[in-house]
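Chain by chain, the residues:
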Amino acid sequence: QRQLRFKGERVLWIQPSSLPELLELKGQYPTAKLVVGNTEVGIEMKFKNLLYPVILAPALIPELNIVQHTENGIVFGAACTLTLLGDVLRDGVRDLPSNQTEIFQAVLEQLHWFAGQQIRNVAAVGGNIMTASPISDLNPVFMAAGCKLTLLSKGGKRVVEMDDKFFAGYRRTAMKPDEILLSIEIPYTRKGQYFSAFKQSPRREDDIAIVTCGMNVVFEEDTNTVKDLRLSYGGMAPTTVLAKNTSNQLIGRTWSEELMQEACSLLAEEMTLDPSAPGGLVLYRCTLTISLFFKFYLTVQHKLA
Ligand code: FAD
């Protein structure tokens with residue numbers, strides 16, 4: 001494959017021929033936009049009048065399209081489409097014991113309600129992460145699951161966990177300007193770990209969420225005592241967030257009705273919104289953080305029984 005370059009009056013579009021060439025170009029043009037499915041950037045340029053003078057098209061670079069099964073989970077190159085992501089995870093759910101694929105099932109649940117088939121066929125998993133939208137449907141799942149992200153630049157490679165530090169602000173990440181997202185690892189679940197994702201939107205199909213979440217609980221071996229809990233929400237702040245205080249307070253407690261009651265009070269304190277918060281529906285959104293946890297509580301209770 002050879003490098004392709006188109007130079008217009010306003011935009012320089014480059015399709016690099018290899019990963020080293022992409023990293024070289026990102027170092028040379030740190031403000032350049034990587035565009036894969038163009039389902040975010042296209043909207044920004046056409047409807048929001050944003051102009052990106054340098055566009056890098058990495059969709060054909062093999063390293064960005066890998067699907068690799070590892071000891072801990074499955075690694076997806078950042079340019080893998082959502083359709084491919086869904087197909088591979090569906091195979092995983094079919095072939096592996098169900099207690100190992102709780103996160104895969106949650107991603108599939110979100111993908112089911114994510115846009116329409118045409119968008120999913122071209123939109124990349126990396127595009128969803130890097131847009132850092134506060135209402136992304138996948139980021140709360142990846143954050144609650146503690147997915148590992150591999151970042152690359154000409155200077156080297158680093159692996160970071162997707163946590164609340166990864167999103168630095170509204171549509172901003174902690175990545176450096178010369179870095180690109182290479183891949184994401186979606187982990188298997190272990191015995192005693194349960195995971196769910198929920199999305200509430202005005203319309204069930206193809207609609208932007210009001211509140212969306214990923215919820216992860218790990219129990220001490222053969223008990224229903226909480227060892228670790230991660231609750232991640234979209235739609236409650238300028239970034240995807242973790243309900244850290246609520247989770248910390250519930251570690252060491254048994255999964256019971258008292259825990260559920262306390263979680264509801266803690267979430268009501270922690271997941272607040274200013275009355276003027278963009279998006280409106282403030283009371284409804286706050287209530288949703290609680291009712292979605294209640295759904296998780298019942299789902300886990302059912303699996304424990
Ligand atoms: P692009 O537009 O190509 O890129 C998006 C951003 O990611 C850009 O800033 C780009 O520079 C950056 N980027 C891409 N790859 C990399 C990389 N490897 N390294 C660094 N930066 C990178 N989103 C939801 O969460 N839920 C929905 O239900 C939903 N429905 C939608 C419906 C419609 C009709 C449309 C148009 C969009 C919808 N979206 C939805 C948003 C969008 O489809 C997703 O965010 C999608 O995953 C973006 O992927 P893309 O490849 O099209 O991104």
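Residues numbered from 1 in each chain as written. Predicted model: local features only at pLDDT ≥ 70, side-chain atom pairs only at ≥ 80, totals over all residues.

**A look at the sheet that holds strand β13 (residues 211-219)**
Part 1: Read across the sheet, four strands follow the order β12-β13-β14-β15 without closing on themselves; strand pairing throughout is antiparallel. The outermost strands of the open sheet, each flanked by one partner alone, are β12 (193-200) and β15 (241-242).
Part 2: The strands that helix α4 (residues 102-112) touches are β12 and β13; relative to β12, the one it contacts most, it runs at about 10 degrees. (Pairing = 2+ DSSP bridges. Helix = DSSP H or I, 4+ residues; strand = E, 2+ residues; numbered from the N terminus. Contact = placed C-beta atoms within 7 Å. Axes fitted to C-alpha atoms, helices over the stretch in contact; angles between N-to-C directions.)

**Focus on the site of the ligand**
Part 1: For the ligand, the set of nearby residues contains 26 residues, the closest of which are G37, T39, A115, G127 and N128.
Part 2: Those elements that provide at least two residues to the shell around the ligand are β3 (33-34), α2 (41-47), α6 (125-131) and β11 (180-187).
Part 3: Ranked by the residues each element gives to the shell around the ligand, the list is headed by α6, at five residues.
Part 4: Each of two domains, domain 1 (4-56) and domain 2 (62-187), supplies a minimum of three residues to the shell around the ligand. (Near = placed C-beta within 6 Å. Domains from an automatic or database assignment.)

**With respect to the domain arrangement of the protein chain**
Part 1: When its domains are assigned, the protein chain resolves into domain 1 (4-56), domain 2 (62-187) and domain 3 (193-304).
Part 2: Each of domain 1 and domain 3 has a C-alpha centre, and the two are 37 Å apart.

**Points about the confidence of the model for the protein chain**
Part 1: Here the protein chain averages 95 in pLDDT, and 100% of its residues register 70 or above.
Part 2: Reported confidences for the modelled complex are a pTM of 0.96 and an ipTM of 0.98. (pLDDT = per-residue confidence, 0-100.)

**Considering the environment of L267**
Part 1: Within the fold, L267 resides in helix α9 (residues 257-270).
Part 2: Among residues more than four places away in sequence, those in contact with L267 are A243, T246, T289, I290 and F293.

**Overview of the packing of helix α3 (residues 82-95) against α4**
Part 1: In contact at an axis separation of 9 Å, α3 and α4 are set at 140 degrees when each is read in the N-to-C sense. Classed by the angle they form, the pair α3 and α4 counts as oblique. In this structure, α3 crosses over α4, and the sense of that crossing is left-handed. Here L82, G86, L89, R90, G92 and V93 of α3 lie close against α4, whose contacting residues are F104, Q105, V107, L108 and L111.
Part 2: A class-by-class count of the residues in the contact of α3 with α4 yields seven nonpolar, three polar and one charged. (Parallel < 35°, antiparallel > 145°, perpendicular 65-115°, else oblique. Left-handed = near helix turned anticlockwise from the far one by under 90°. Nonpolar A, V, L, I, M, F, W, Y, C, P; charged D, E, K, R; others polar.)

**Points about helix α1 (residues 19-28)**
Part 1: L22, L23, L25 and K26 are the residues of α1 that are buried. The buried side chains of α1 occupy one side of the element, clustering within an arc of 160 degrees when seen end-on.
Part 2: For α1, the secondary structure elements touched by its buried residues are β2 (12-15), β4 (54-56), β7 (148-153) and β11. (Buried ≥ 20, exposed ≤ 12 C-beta atoms within 10 Å, placed from the backbone. Arc of directions from axis to C-beta.)

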